[in-house]
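Observations on the model geometry
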Amino acid sequence: MSNSKINTDRLDLKNLPEHIAIIMDGNRRWAKSRFMPKELGHKKGSDTLDIISEFGDEIGLKHMTVYAFSTENWKRTQHEVGAIMNLLRYYLDFYIKRKGKQNIKMNAIGDITLLDKDIQEKIKELTDITKDKTGMQLHIALNYGGRDEIMRGIRKMNADLKAGLISEDDINEENFNNYLDTKGYPDPDLVIRTGGEERISNFLLWQSAYSEFMFTDKLWPDVKKEDLIDCIEKYQKRDRRFGGK
Ligand code: FPP
């Protein structure tokens, strides 16, 4: 969307985090501070997502997971939930039409069976259309909750155990990864939360065990490409020990 060339000299592009996860917080406060309806904050937040994901692909990130709708977000007013779902419809259609123009591979994580059927179909279509793309993988968390994901994983593993497809010896951390929505891709190296709050809010609970965390006061709609560069630069200065040394 934005064509402005951004200077990435500050970054070691050969040592990028492979997977960045983002809690995109602050859409409503952004709108409120401008006396606008909350829905416009979510709209601006969606535009920011488009810009930041495209930029992530441009600099060579392999995976980006974004928290778009949590299992708890259903508690918001029907009007707001409806507006977020309509935005989702709009963006899914937009990305479906833009197929081929971008190299981003897209999929959804979370229990999408609870979303409206037409949204599920659009997600499937977009996943199919982009399945052979070789650029960054954008994983959109929809009706996602870390605890819910772990419980769904346990139920699936238990079903396989009962069916004799696995044995009790197969119940270990490594195998459990294959029962999670994030099966087949690496844990996030870096989790960024915008909007000033410093909590995990049920996002990627299992996968963020050794992630670096970064919090910024910026509200998600205000986030710019330079902010992603700042976060990656800070990340590259951190010493990751994974519990060792
Ligand atoms: C958090 O800000 C944001 C959300 C709950 C929704 C995130 C949704 C989008 C970025 C757009 C929809 C996504 C797609 C893929 C089209 P908040 O609403 O909690 O804001 P607040 O912290 O100011 O209350």
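First, a word on what this report is: a plain description of the structure on this page. Computed from a predicted model, the values in this text were never measured in an experiment.

Attention now moves to the overall build of the chain. In terms of regular secondary structure, the chain is built from seven helices and six strands. Dimensions of the chain, computed from the C-alpha atoms along their principal axes, are close to 55 × 50 × 35 Å. Look at the contacts in the chain between residues 6 or more apart in sequence, and 78% of them connect residues 24 or more apart. Working note: accessible area of the chain is about 13,300 Å², and carbon and sulfur atoms make up 51% of it. Put simply, the chain has 41 plus and 41 minus side-chain charges, and the middle of one group is 4 Å from the middle of the other.

Near the ligand, the surroundings consist of 15 residues, among which M24, D25, R28, R29 and R76 are the closest. Contact distances for the ligand include 3.2 Å between an oxygen atom and a backbone N or O atom of N27. A distance of 2.7 Å separates an oxygen atom of the ligand from a polar backbone atom of R29. With the chains in place, 91% of the 620 Å² that the ligand exposes on its own is no longer accessible. Per-element tally for the shell around the ligand: the top contributor is helix α2 (residues 38-59), with four residues. Partitioning the shell around the ligand into residue classes produces five nonpolar, six polar and four charged.

As enumerated under the stated definition, the model contains eleven aromatic pairs in all. Consider the rings of Y67 and F203, whose centres lie 4.3 Å apart with planes at 15 degrees: the pair is stacked. Pair noted here: Y67 is in strand β2 (residues 63-70) and F203 is in the loop between β5 (190-193) and β6 (212-215), with a separation of 136 residues, a long-range link. The residues Y67 and F203 share a single accessibility class, namely buried.

A few words on the sheet that holds strand β4 (residues 137-144). What the six strands build is an open sheet, ordered β3-β4-β2-β1-β5-β6; its pairing is parallel. Lying at the two open borders of the sheet, with one neighbouring strand each, are β3 (105-109) and β6. Neighbouring strand axes in the sheet, compared pairwise and without regard to direction, differ in orientation by 20 degrees on average. Pairing of β2 with β4, which is carried by seven bridges, proceeds in the parallel orientation. Note on β4: the bridge partner recorded for M64 is L138. Across the face of the sheet, α2 comes into contact with β1 (19-23), β2 and β4 while running at roughly 160 degrees to β2.

Moving on, we get to the pairing of β1. Most of β1 is tucked away: five of the five residues are buried. The alternating pattern of β1 places H19, A21 and I23 and I20 and I22 on opposite faces, both of which are buried. Judged from the five bridges that link them, β1 and β2 form a sheet pairing that is parallel. Bridge pairing in β2 links I20 to M64. One ladder, built from four bridges, connects β1 with β5; its direction is parallel. Within the sheet, the bridge partner assigned to A21 lies in β5 and is V191.

What follows is about the pattern of salt bridges. The tally for this structure, following the rule as stated, stands at 21 salt bridges. Note that D25 and R193 form a salt bridge whose closest N and O atoms lie 3.0 Å from each other. With D25 in the loop between β1 and α1 (27-32) and R193 in strand β5, this residue pair connects regions lying 168 residues apart in the sequence. One exposure class covers both D25 and R193, and it is buried. For D181, the salt bridge goes to R152, with nearest N and O atoms at 2.7 Å. Of this pair, D181 sits in the loop between α6 (173-177) and β5 while R152 sits in helix α5 (residues 146-162), and the two are 29 residues apart along the sequence.

Helix length check: α5 (17 residues) gives 24 Å between terminal C-alpha atoms against 24 Å at 1.5 Å per residue, within 8%. All of the buried residues in α5 are G146, E149, R152, G153 and M157. Down the axis of α5, the buried side of the element spans an arc of 135 degrees, and every buried residue falls inside it. Away from the buried face of α5 by more than 90 degrees, exposed residues R147, R155 and K162 are located.

Moving on, we get to the side chain of Q120. Locating Q120 in the fold gives a position in helix α4 (residues 117-129). Overall, the relative accessible area of 17% leaves Q120 in the buried class. Beyond its immediate sequence surroundings of up to four residues, Q120 is in contact with I112, T113, L114 and L115.

Rules used throughout
Residues numbered from 1 in each chain as written. Predicted model: local features only at pLDDT ≥ 70, side-chain atom pairs only at ≥ 80, totals over all residues. Heavy atoms only, no water. Helix = DSSP H or I, 4+ residues; strand = E, 2+ residues; numbered from the N terminus. Contact = heavy atoms within 4.5 Å. Areas by Shrake-Rupley, 256 points an atom, 1.4 Å probe, with all protein chains shown as cover. Lys, Arg positive; Asp, Glu negative; His and termini not counted. Charge placed at Lys NZ, Arg CZ, Asp CG, Glu CD. Near = heavy atom within 4 Å. Polar contact = N/O pair within 3.5 Å; in protein donor to acceptor, adjacent residues only side chain to side chain. Nonpolar A, V, L, I, M, F, W, Y, C, P; charged D, E, K, R; others polar. Phe/Tyr/Trp six-rings, centres within 6.5 Å; stacked < 30°, edge-to-face > 60°. Buried < 20%, exposed > 50% of the residue type's maximum accessible area, 1.4 Å probe, protein only. Pairing = 2+ DSSP bridges. Axes fitted to C-alpha atoms, helices over the stretch in contact; angles between N-to-C directions. Salt bridge = Lys/Arg side-chain N within 4 Å of Asp/Glu carboxyl O. Expected span 1.5 Å × (residues − 1). Arc of directions from axis to C-beta.

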